Amino acid sequence: MEIREVLVDIVLTIILVVSTLTLVWRVWQDLTMAVATTLMMLSLGGLFLSLGYKVWRLEESVIARERTMRVNMEELSHTMAQKYDNTVQHIDTTVSEITRRMYR
């Protein structure tokens, strides 16, 4: 994950903390309440960032699994086509052998 992708979330978290601190400072003028509320808003912002990171990791995991499944399906398709060709060749050989025996 690049810093550019999370930069907006970080800026919004900082704005959330500063605005909460300003609001609490003006309304109650209690330093303990202001710090507690700021920490609460900071933890809420951190939870948002953490959730975003987990979603990003989940998306990467799904992409990797999809890629693996696609490769496995292509390999399975190739194997099945090869088995089909071998079976058709075997049947053709058997039919031509039976036909040759019939005309003798």
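Quick caveat: nothing in here was measured; it's all calculated off a predicted structure.

1. Concerning the overall build of the protein
- Check the secondary structure of the protein and you find two helices and zero strands.
- Taken over the C-alpha trace, the protein has a radius of gyration of 33 Å; the compact-globule value for 104 residues is 13 Å, which it surpasses by more than 25%.
- Reported as C-alpha extents along the three principal axes, the dimensions of the protein are approximately 110 × 20 × 10 Å.
- Burial statistics for the protein: of 104 residues in total, 10% are counted as buried.

2. Digging into the UniProt feature "transmembrane region" (unreviewed entry) in the protein
- The positions UniProt marks with the feature "transmembrane region" (unreviewed entry) are residues 7-28 and 34-56.
- Structurally, residues 34-56 comprises 100% helix and 0% strand, and the distance from its first C-alpha atom to its last is 33 Å.

3. Re the environment of Tyr53
- Within the secondary structure, Tyr53 is located in helix α2 (residues 31-102).
- Tyr53 gets classed as partly exposed once you look at its relative accessible area, which sits at 38%.
- For the pair Tyr53 and Thr87, spaced 34 residues apart in sequence, the C-alpha to C-alpha distance is 51 Å.

4. With respect to α2
- Between its first and last C-alpha, α2 extends 105 Å over 72 residues, near the 106 Å set by a 1.5 Å rise per residue.
- Those residues of α2 lying buried are Ala34, Thr37, Thr38, Met41 and Gly45.

Basis of the calculations
- Residues numbered from 1 in each chain as written.
- Predicted model: local features only at pLDDT ≥ 70, side-chain atom pairs only at ≥ 80, totals over all residues.
- Heavy atoms only, no water.
- Helix = DSSP H or I, 4+ residues; strand = E, 2+ residues; numbered from the N terminus.
- Rg over C-alpha atoms; globule rule 2.2 N^0.38 Å.
- Buried < 20%, exposed > 50% of the residue type's maximum accessible area, 1.4 Å probe, protein only.
- UniProt positions renumbered as here; feature names shortened; annotations may be inferred.
- Expected span 1.5 Å × (residues − 1).

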